[in-house]
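Listed below, chain by chain, are the residues.
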Amino acid sequence: MRTPKPAAGGKLRLIPLVAATYFMVSGGPYGLEELVRDSGYEIALAILLLTPLIWSLPTALMVGELAAAIPCEGGFYIWVRRAMGPFWGFQEAWLSLTASVFDMAAYPTVFVMYLGRIWAPAKEGHNGVIIAALVIFACMFWNLFGAKAVGDGSVLLGALLLSPFVLITIFALFRHTDLSASTGSATSTHPDLLAGIIVAMWNYMGWDNASTVAEEVENPQRTYPRVMMITLAAIVISYAIPVFAVSRTHVQPSYWATGAWADIGAMIVAPWLGLMLVMAAMISAFGSLNSLTMSLSRLPAALSEDGYAPALFRRKLANGAPWAAIAACGLAWTAVLGLSFDRMLMLDILLYGASLVLEFIALVLLRIREPELVRPFRIPGGLAGAICAGVGPTALLMVALIRNHNEQMGNISALTVGLIIMAAGVGFYFIAAWRRQHAPGPVAGDVS
């Protein structure tokens, strides 16, 4: 069993971990445009306020309990491995890492898309791929300075990201601007409630990513539960209040599309705020990529400690940064730049959802098998409370899968791609287990 090891150079404290978690889960109100356009303001706001109660709060409570009770590098991988054995632990890490290949390539692509609005050559020829690769390398380099550097930087990036939304909120609420005429005629909206909920789920998922750096967090037993609750409140507020404020200006819901925040900011205030919102979108993409690099790079390191990944990934700098794992993850994400991953919502929900269900099962099994485990924070309600915590998220995942099971990735359904990826995880586990068994000498982190 692992025991937490101190990282040289200082540890992540409360506010930096809150900021890093904010970027892992949210990255600001960008991504809500389709929700407003397809649902209208009233239903969009209702979804933004109610979805976290069913989806995010139970997940945050689960992460708070398990991260505080088992504060080890690898986080959710360790929880599932401890509760269900090495096979399921490997599947947990596999699902997260394979999903990251699709997710992480999207952030630098979004960065380039917004950069192109203020510097057109960014999207010409191969410039986009080159710039996206440089963004990934910048995050890799930043992460080499350790988790504390990423957390401290996230505080600054978060302030820069949210400041334009504070301004647009103030001007929209107190300037009494009516933009109904300049944003098109009112159209009757026939909201697709399930589609809106799925978009909200997308914008509220990723809480468990914060757990993988637990060894590098100051007083994780006390810090993690507080981080979950503070970050959840911050995300709900940063989503709902700006959308509500803009609704007071009567911008037509049909006007909302990807990039609409910048256009709306320019109309409500002035072009300079539109420019600030474009730059904030780039900060959002960079900050999310940077924080998730910190989180996901700990998974190969943890797998290596248990003998299920190359020993190279165990290598760390003095500050605790797993440099080889950071490099491997960054190169994998760079390799898929330029590929088209349209309509991947179903695939991401399938892979992430499967890993999340395993975590809720681990929560219940650990309650049963290790009742004496010290839990500084505990979901109330005993075993029944732990079981009930997973009901809402699991139900929403099932609804999302049923709703989007025909979503296509080229000529093949995203569901089929996801099932192939899951099956590959089973095969890779047995290959890794065979190599582990025949490895010379004892394996670090070996458990019976």
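All values derive from a computational prediction rather than experimental measurement.

Rules used throughout
- Residues numbered from 1 in each chain as written.
- Predicted model: local features only at pLDDT ≥ 70, side-chain atom pairs only at ≥ 80, totals over all residues.
- Heavy atoms only, no water.
- Helix = DSSP H or I, 4+ residues; strand = E, 2+ residues; numbered from the N terminus.
- Rg over C-alpha atoms; globule rule 2.2 N^0.38 Å.
- Buried < 20%, exposed > 50% of the residue type's maximum accessible area, 1.4 Å probe, protein only.
- Contact = heavy atoms within 4.5 Å.
- Areas by Shrake-Rupley, 256 points an atom, 1.4 Å probe, with all protein chains shown as cover.
- Lys, Arg positive; Asp, Glu negative; His and termini not counted.
- Charge placed at Lys NZ, Arg CZ, Asp CG, Glu CD.
- Axes fitted to C-alpha atoms, helices over the stretch in contact; angles between N-to-C directions.
- Parallel < 35°, antiparallel > 145°, perpendicular 65-115°, else oblique.
- Nonpolar A, V, L, I, M, F, W, Y, C, P; charged D, E, K, R; others polar.
- Expected span 1.5 Å × (residues − 1).
- Core = buried A, V, L, I, M, F, W, Y, C linked by side-chain atoms within 4.5 Å.
- Polar contact = N/O pair within 3.5 Å; in protein donor to acceptor, adjacent residues only side chain to side chain.
- Left-handed = near helix turned anticlockwise from the far one by under 90°.
- Salt bridge = Lys/Arg side-chain N within 4 Å of Asp/Glu carboxyl O.
- Phe/Tyr/Trp six-rings, centres within 6.5 Å; stacked < 30°, edge-to-face > 60°.
- Disulfide = S-S within 2.5 Å.
- Patch = residues over 30% accessible without salt bridge, like charges linked within 9 Å, V, L, I, M, F, W, Y side chains within 5 Å.

Let us look at the overall build of the chain. When helices and strands are tallied, the chain shows 18 helices and 2 strands. Against the 2.2 N^0.38 benchmark of 22 Å for 448 residues, the chain shows a C-alpha radius of gyration of 22 Å, consistent with a compact globule. By principal-axis analysis of the C-alpha atoms, the chain measures approximately 75 × 50 × 45 Å. Here the chain holds 448 residues, and 57% of them are scored as buried. Residue pairs in contact within the chain that sit at least 24 positions apart in sequence constitute 82% of those at least 6 positions apart. Working note: accessible area of the chain is about 18,300 Å², and carbon and sulfur atoms make up 68% of it. For the chain, the distance from the average site of its 26 positive side-chain charges to the average site of its 26 negative ones is 7 Å.

Axis angle and axis distance: for two packed helices, these are the angle between their axes and the distance between the axes, and together they describe the pair. Between helix H1 (residues 14-25) and helix H12 (residues 271-296), the least distance of the axes is 8 Å, while the angle of their chain directions is 105 degrees. For the element pair H1 / H12, the angle class is roughly perpendicular. Counted together, Ala 20, Phe 23 and Met 24 of H1 and Ile 283, Ser 284, Gly 287, Ser 288, Ser 291, Leu 292, Met 294 and Ser 295 of H12 form the full contact between these two elements. A breakdown of the residues in the contact of H1 with H12 according to their chemical character gives 6 nonpolar, 5 polar and no charged.

For helix H18 (residues 414-437), which comprises 24 residues, the first-to-last C-alpha distance of 35 Å matches the rise-based estimate of 34 Å (1.5 Å per residue) to within 8%. Along H18, the residues that are buried comprise Ala 414, Val 417, Gly 418, Ile 421, Gly 425, Tyr 429, Ala 432, Ala 433 and Arg 436.

We now examine the nonpolar core. Counting 149 residues, the largest nonpolar core has Tyr 30, Trp 55, Met 62, Ile 168, Val 246 and Trp 256 as its most contacted members. The contact partners of Ile 168, leaving out residues within four places of it in the chain, are Val 246, Trp 261, Ile 264, Gly 265, Ile 268, Leu 273 and Leu 277.

The subject of this paragraph is the side chain of Arg 298. Note that Arg 298 resides in helix H13 (residues 298-305). Classification of Arg 298 by relative accessible area gives buried; the value is 0%. Of the polar contacts made by the side chain of Arg 298, one reaches the side chain of Ser 297; its length is 3.1 Å.

Attention shifts here to the environment of Ser 26. Among the secondary structure elements, Ser 26 is positioned in the loop between H1 and helix H2 (33-39). Sequence-wise, Ser 26 and Met 205 are 179 residues apart; in three dimensions their C-alpha atoms are separated by 7.7 Å. Reaching out from Ser 26, the side chain makes a polar contact with the backbone nitrogen of Gly 28 at a distance of 2.9 Å. At a separation of 3.0 Å, a polar atom in the side chain of Ser 26 contacts the side chain of Tyr 239.

Attention shifts here to the packing of helix H9 (residues 193-203) against helix H17 (residues 391-403). Where H9 contacts H17, the two axes come as close as 10 Å, and the packing angle between them is 120 degrees. Judged on the interaxial angle alone, H17 and H9 are oblique. Between H9 and H17 lies a crossing of left-handed hand. Contacts between H9 and H17 pair Leu 194, Ala 195, Ile 197, Ile 198 and Met 201 from the former with Leu 396, Leu 397, Val 399, Ala 400 and Arg 403 from the latter. When its residues are assigned to classes, the contact of H9 with H17 shows 9 nonpolar, no polar and 1 charged.

Our next topic: the pattern of salt bridges. All chains considered together, the criterion is met by 10 salt bridges. In the salt-bridge network here, residues are joined through shared partners; they are Glu 65, Arg 367 and Arg 375.

Across residues other than glycine, the phi torsion is negative in most instances, and most of the peptide bonds are trans. In the Ramachandran plot, His 176 falls in the positive-phi region, its phi being about 55 degrees despite a non-glycine side chain. Summarising the element assignment, His 176 is placed in the loop between helix H8 (147-174) and H9. Judged by its relative accessible area of 69%, His 176 falls in the exposed class. Phi is positive for Asn 219, close to 50 degrees, though the residue is something other than glycine. Mapped onto the elements of the fold, Asn 219 is located in the loop between H9 and helix H10 (220-247). For Asn 219, a relative accessible area of 40% corresponds to the partly exposed category.

With 7 of 9 residues buried, helix H5 (residues 76-84) lies mostly within the body of the structure. Those residues of H5 lying buried are Phe 76, Tyr 77, Ile 78, Trp 79, Val 80, Arg 81 and Ala 83. Gly 85 sits one or two positions beyond H5 and adopts a positive phi of about 100 degrees.

Counted by the stated rule, this structure contains 18 aromatic pairs. Ring geometry for Phe 87 against Trp 88: centres 5.0 Å apart, planes inclined by 85 degrees, an arrangement best described as edge-to-face. With a relative accessible area of 38%, Trp 88 lands in the partly exposed category. One aromatic cluster is present, built from ring pairs that chain together Tyr 30, Tyr 41, Tyr 114, Phe 165, Trp 256 and Trp 261.

Evaluated as defined, the whole model comprises 0 disulfides. Cys 139 carries a free sulfur, and the closest cysteine sulfur to it, the one in Cys 329, is 13 Å from it.

What follows is about a nonpolar patch on the surface. Residues Leu 49, Leu 50, Leu 53 and Ile 54 make up a contiguous nonpolar surface patch of about 380 Å² in total accessible area. With respect to the element layout, Ile 54 can be found in helix H3 (residues 41-54). Note on Ile 54: relative accessible area 42%, which makes it partly exposed.

From the geometry alone we can't say anything about function, so treat these as descriptive.
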